[in-house]
Amino acid sequence: MKNINGKTVLTLGVIAFTLILAFILNGALDSYVRRILNLCAIYAIISLSLNLVNGFTGMFSLGQAGFMAIGAYAVAIFTVPAELRASGFYLEPMMPLLANIELPLIAALLLGGLLAALVAFVIGFPVLRLRGDYLAIATLGFSEIIRILFTNMQSVTNGALGIKNVPQLSNMFLIYLAAVITIALLHLLLTSSYGRALKAIREDEIVAEAMGINLLKHKLAAFVISAFFAGVGGGLYGALLGTVDPKNFIFTLTYNFVLIIVLGGLGSISGTVIASFIITIGMEWLRFFDEPLKLFGIEILIFRPGLRMVVFSVLLMVIVLFFQKGIMGQREISFDMLRRIPLRFGKRREDR
Amino acid sequence: MILRTENLTMRFGGVTAVDSLNLNVPEGGVFAIIGPNGAGKTTAFNMITGAYAPTGGRIFFEDKDITARRPDAITKAGIARTFQNIRLFKDLTVFENVITAKHLHLKSNLLQAVFRIPGISPYSAEERTFRRQTDELLEKLGLSDQRDAISSSLPYGRQRKLEIARALATEPKLLLLDEPAAGMNPQETEELARFIERVRNEFRLTILLIEHHMDLVMDISEYIYVMDFGVNIARGAPAEIQGDPKVISAYLGSGE
Ligand SMILES: Nc1ncnc2c1ncn2[C@@H]1O[C@H](COP(=O)(O)OP(=O)(O)OP(=O)(O)O)[C@@H](O)[C@H]1O
Ligand SMILES: [Mg+2]
């Protein structure tokens, strides 16, 4: 019992430390660095949501960009001050029903999450009954359909013009708070009996079912919860960008999150968080690949927009081929593990 | 009758894997299905547990029709099984394997399980009960010393035992064992026989098993069904079966 309390205190300490750090850095960092660090946290939220489905439950979804779009548009539509909307919607005025509804950011984020969850339910209910990996195809299709839908719902989304003037969110404290809440809730879910059921489904569906686990119910729950967090993450993403338009949510966006969870470890929360930082910062750093490069006065032809994605794809293949388990595999960083590190090195030496 | 099948039939394309099987399994006791390879024994189990929907006939469990119900619903009703080729959750520990099978008894909903607020959510109390029951079960079956070992690291015989433990964690009334002695030497088989009897007595359940080890079958089962090419060719007490010419010829015939 004492041990559990000690761990709880330690956990709360780490959470408090993270939030205080975010609060302090928020004032200390310049806006460029702050933006990247905020993006890391948002990517962590979305990657965790994907890992719940792909890593912990053993399904294969590629719909994150679509769920993000729903969340981002919920924020964009409802948080832009009503008086600024008319100037943006100049091709076709905003639907009167929506034109005057303004929501605070938190409410819009939750609304976005709930709408994404609802859509996930509608997609998941028929698809998850089927045996086999139909989810990947269905979610990929969904995320393209939702983008095309948003491009064409002129009076709701302002179509291809997108919605500008979204009140920008750059407060690190708030974004990190959202990430911490996401991590905490997913941790509680995954360490519960429901979490064990999801892992059982990942390990062997047939056995899980023979142990009395209702496959449809549990897969659907994981998928819907995943969509909720992707929706919230998408809302934060929209608020961070300040402009939301359909081009932001092309399905290749989802590849970033696939890369993150594969690198971090399918089935590891801590791995996902670590990989979110590595990939997001790496992506920023690799920007030079997309810019023309001259070496000794000769233009290197392959340095052009898109090369960054090539580099990332190669990275993904290297991970899949040589480090299947990613950084963490299915393990988590825990206090017990940190305590054991010195022991472990000792043991290794003995082994030799 | 705890389990009854009426003309249970399974066709795969042109192959009739099980042909009008009529089982009558009374409560309590150990019953066996034997027969040469490909006789349709596992297919019968798969239909009873809902893994396959029969192409004909009906299945009654405690006089309720469970034909073609979902596997999880059938397990909830009280039938648990093991698999011919051991199917543990390989990456999970012994403890995790067993406690996972407690999930079907969970009453807390997902929100209660996530927001485990003491006094409001019943989840923590349920979880404690599951953990206690799991540890008791492991203790009873002699698996406690490897409680936290990854299940795939266990020796073969213990993996079989663990699979039985996991099935027992669902608290079944009827336990189906598909070749529990496969790959065991005579001494291990003998131990398994005692183990199965103990399980039957301590957990007060009915056991239906598929087995090729004749000594085991003759030793512990009170009634035997013999299948060949999907057809139930003989049934009776061990002594009757042993001398039945149809049974002998089925086994000899498949021995080529
Ligand atoms: N899913 C399936 N699809 C097609 N045919 C199948 C399927 N499952 C079983 N069969 C066929 O049904 C017949 C009976 O198989 P089953 O596995 O039930 O035999 P068994 O009595 O358990 O044999 P063994 O002692 O080798 O385990 C075999 O001919 C097998 O090839
Ligand atoms: Mg078989």
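Not measured: the values here are computed from a predicted model.

Engineer: How should I be thinking about the overall build of chain B in this particular structure?
Structural biologist: The secondary structure content of chain B amounts to 10 helices and 11 strands. Relative to its length of 256 residues, chain B is compact, with a C-alpha radius of gyration of 19 Å against a globular reference of 18 Å. Counting only residues that meet the buried cut, chain B has 52% of its 256 residues in that class. For chain B, contacts bridging at least 24 residues in sequence account for 67% of all contacts bridging at least 6. Just so you have it, chain B exposes about 11,100 Å², and 52% of that area is on carbon and sulfur atoms. Distance between charge centres in chain B, computed from 30 positive and 33 negative side chains, equals 7 Å.

Engineer: Explanation requested: the interface of chain B and chain A in the structure shown.
Structural biologist: Accessible area lost upon the coming together of the parts is a frequently used measure of interface size. Contacts between the two partners involve 31 residues from chain B, matched on the other side by 25 residues from chain A. Between chain B and chain A, a total of about 2,500 Å² is buried, with carbon and sulfur atoms accounting for 63% of that surface. At the boundary of chain B with chain A, the tally comes to two salt bridges. Two residues, Arg196 of chain A and Glu127 of chain B, come together in a salt bridge whose shortest N-O distance is 3.0 Å. The interface formed by chain B and chain A holds 13 residue pairs in polar contact (both at pLDDT 80 or more) in total.

Engineer: Is there a simple way to explain the pairing of strand β1 (residues 3-12) of chain B in this structure?
Structural biologist: In summary, the side chains of a regular strand alternate between the two faces of the sheet. Residues and elements named next belong to chain B. Where β1 and strand β3 (residues 24-25) come together, two bridges link them in antiparallel fashion. The residue bridging Arg4 from the neighbouring strand is Asn24, located in β3. Relative to strand β5 (residues 56-61), β1 runs antiparallel, the two being bridged by five bridges. Residue pairing for β5: Thr5 is matched across the bridge by Ile59. Examined bridge by bridge, β1 and strand β2 (residues 15-21) share four bridges and lie antiparallel to one another. Looking at β2, one finds that Arg11 is bridged to Thr16. In this structure, the hairpin formed by β1 and β2 is closed by a connection of two residues, where Gly13 is found at a positive phi of approximately 55 degrees.

Engineer: Sorry, what's going on with the pattern of salt bridges here?
Structural biologist: In a structure, side chains of opposite charge can pair up when their charged atoms sit close to one another. Residue and element names in this part refer to chain B. Summed over the entire model, instances satisfying the criterion amount to 22 salt bridges over all chains. For the salt bridge of Asp148 with Arg147, the shortest nitrogen-to-oxygen distance reads 2.9 Å. Its relative accessible area of 55% is what places Asp148 among the exposed residues. For Arg147, a relative accessible area of 22% puts it in the partly exposed group. Linking Glu190 and Arg194 is a salt bridge whose minimum nitrogen-to-oxygen distance equals 2.5 Å. Taken together, the residues span about one helical turn, with Glu190 and Arg194 both in helix α7 (residues 186-202) at a distance of four residues. Overall, Glu190 belongs to the partly exposed group, its relative accessible area being 42%. Arg194 gets classed as partly exposed once you look at its relative accessible area, which sits at 36%. Linked by salt bridges that have partners in common, Glu190, Arg194, Glu197 and Asp219 make up one network.

Engineer: Even after reading the chapter, I still don't get unusual backbone geometry, so can you show me in this structure?
Structural biologist: Peptide bonds are, in most cases, trans, and in most cases residues other than glycine have a negative phi. Residues and elements named next belong to chain B. Positive phi values are uncommon outside glycine, yet Asn7 reaches one of about 50 degrees. Relative to the elements of secondary structure, Asn7 occurs in strand β1. Its relative accessible area of 43% is what places Asn7 among the partly exposed residues. With a phi angle near 45 degrees, Arg204 is a residue other than glycine that sits in the positive phi range. Looking at the secondary structure, you find Arg204 in the loop between α7 and β9 (206-210). Of the residues examined, Arg204 reaches a relative accessible area of 74% and is grouped as exposed.

Engineer: Help me understand the packing of helix α10 (residues 193-203) of chain A against helix α12 (residues 215-241) of chain A in this model?
Structural biologist: Helix-helix packing is described using two parameters, namely the angle between the two axes and the distance between the axes. Residues and elements named next belong to chain A. One way to put it is that α10 packs onto α12 with a least axis distance of 10 Å and a crossing angle of 105 degrees. By the angle between their axes, α10 is roughly perpendicular relative to α12. Every residue of α12 that contacts α10 at Tyr194, Ala197, Leu198 and Ile201 is listed here: Leu215, His218, Lys219 and Ala222. Across the contact of α10 with α12, the residue classes break down as six nonpolar, one polar and one charged.

Engineer: What's the story with the coordination of the magnesium ion (ligand 2) in this structure? I'm lost.
Structural biologist: Each pair of donors in an ideal four-coordinate tetrahedral metal site encloses 109.5 degrees, whereas pairs in an ideal six-coordinate octahedral site enclose 90 or 180 degrees. Surrounding the magnesium ion (ligand 2) are the protein donor atoms Thr42 of chain B (OG1) and Gln84 of chain B (OE1), at 1.9 to 2.1 Å. Residue Thr42 of chain B is located in helix α1 (residues 41-48), and its partner Gln84 of chain B is located in the loop between β7 (79-81) and α3 (94-100); the two are separated by 42 residues in the primary sequence.

Engineer: I'm lost on helix α6 (residues 105-127) of chain A in this one. Help?
Structural biologist: Every α-helix winds through 3.6 residues per turn, so residues three or four apart in the chain are directed the same way. Taking 1.5 Å per residue, 23 residues should reach 33 Å; α6 of chain A reaches 33 Å between its end C-alpha atoms and fits that length. Each element contacted by the buried residues of α6 of chain A is listed here: α3 (64-79), α7 (134-152) and α12 of chain A.

Engineer: How should the nonpolar core be read in this particular structure?
Structural biologist: Side chains that are nonpolar tend, in soluble globular proteins, to be buried together. Counting residues in each nonpolar core, the largest one holds 156 residues, and the members touching the most others are Phe67 and Phe223 of chain A together with Leu175 and Ile207 of chain B. Considering each element in turn, this core owes the most residues, 15 residues, to α12 of chain A. The residues contacting Phe67 of chain A, other than those within four sequence positions of it, are Ala116, Val119, Ala120, Ile123, Phe142, Phe223, Ala227, Ala230 and Gly231 of chain A. By size, the runner-up hydrophobic cluster in this structure holds 27 residues, among which are Ile48, Ile59, Ala77 and Leu176 of chain B.

Engineer: Please explain the site of ligand 1 as it appears in this structure.
Structural biologist: Residue and element names in this part refer to chain B. Neighbouring ligand 1 are 13 residues; Asn37, Lys41, Thr42, Thr43 and Gln84 lie closest to it. In this structure, an oxygen atom belonging to ligand 1 sits 2.8 Å away from a side-chain N or O atom of Asn37. Between Glu179 and ligand 1, the recorded distance is 3.4 Å, taken from a side-chain N or O atom to an oxygen atom. Contact with the protein chains hides 64% of the accessible area of ligand 1, taken as 640 Å² for the molecule alone. Looking at the shell around ligand 1, the element that brings in the most residues is α1, giving three residues. Within the shell around ligand 1, the residues separate by chemical class into four nonpolar, seven polar and two charged.

Cut-offs used in this document
- Residues numbered from 1 in each chain as written.
- Chains lettered and ligands numbered in written order.
- Predicted model: local features only at pLDDT ≥ 70, side-chain atom pairs only at ≥ 80, totals over all residues.
- Heavy atoms only, no water.
- Helix = DSSP H or I, 4+ residues; strand = E, 2+ residues; numbered from the N terminus.
- Rg over C-alpha atoms; globule rule 2.2 N^0.38 Å.
- Buried < 20%, exposed > 50% of the residue type's maximum accessible area, 1.4 Å probe, protein only.
- Contact = heavy atoms within 4.5 Å.
- Areas by Shrake-Rupley, 256 points an atom, 1.4 Å probe, with all protein chains shown as cover.
- Lys, Arg positive; Asp, Glu negative; His and termini not counted.
- Charge placed at Lys NZ, Arg CZ, Asp CG, Glu CD.
- Buried area = accessible area lost by both parts, 1.4 Å probe.
- Salt bridge = Lys/Arg side-chain N within 4 Å of Asp/Glu carboxyl O.
- Polar contact = N/O pair within 3.5 Å; in protein donor to acceptor, adjacent residues only side chain to side chain.
- Pairing = 2+ DSSP bridges.
- Axes fitted to C-alpha atoms, helices over the stretch in contact; angles between N-to-C directions.
- Parallel < 35°, antiparallel > 145°, perpendicular 65-115°, else oblique.
- Nonpolar A, V, L, I, M, F, W, Y, C, P; charged D, E, K, R; others polar.
- Donors = N, O, S within 2.8 Å, 3.2 Å for Na, K, Ca; no water.
- Expected span 1.5 Å × (residues − 1).
- Core = buried A, V, L, I, M, F, W, Y, C linked by side-chain atoms within 4.5 Å.
- Near = heavy atom within 4 Å.

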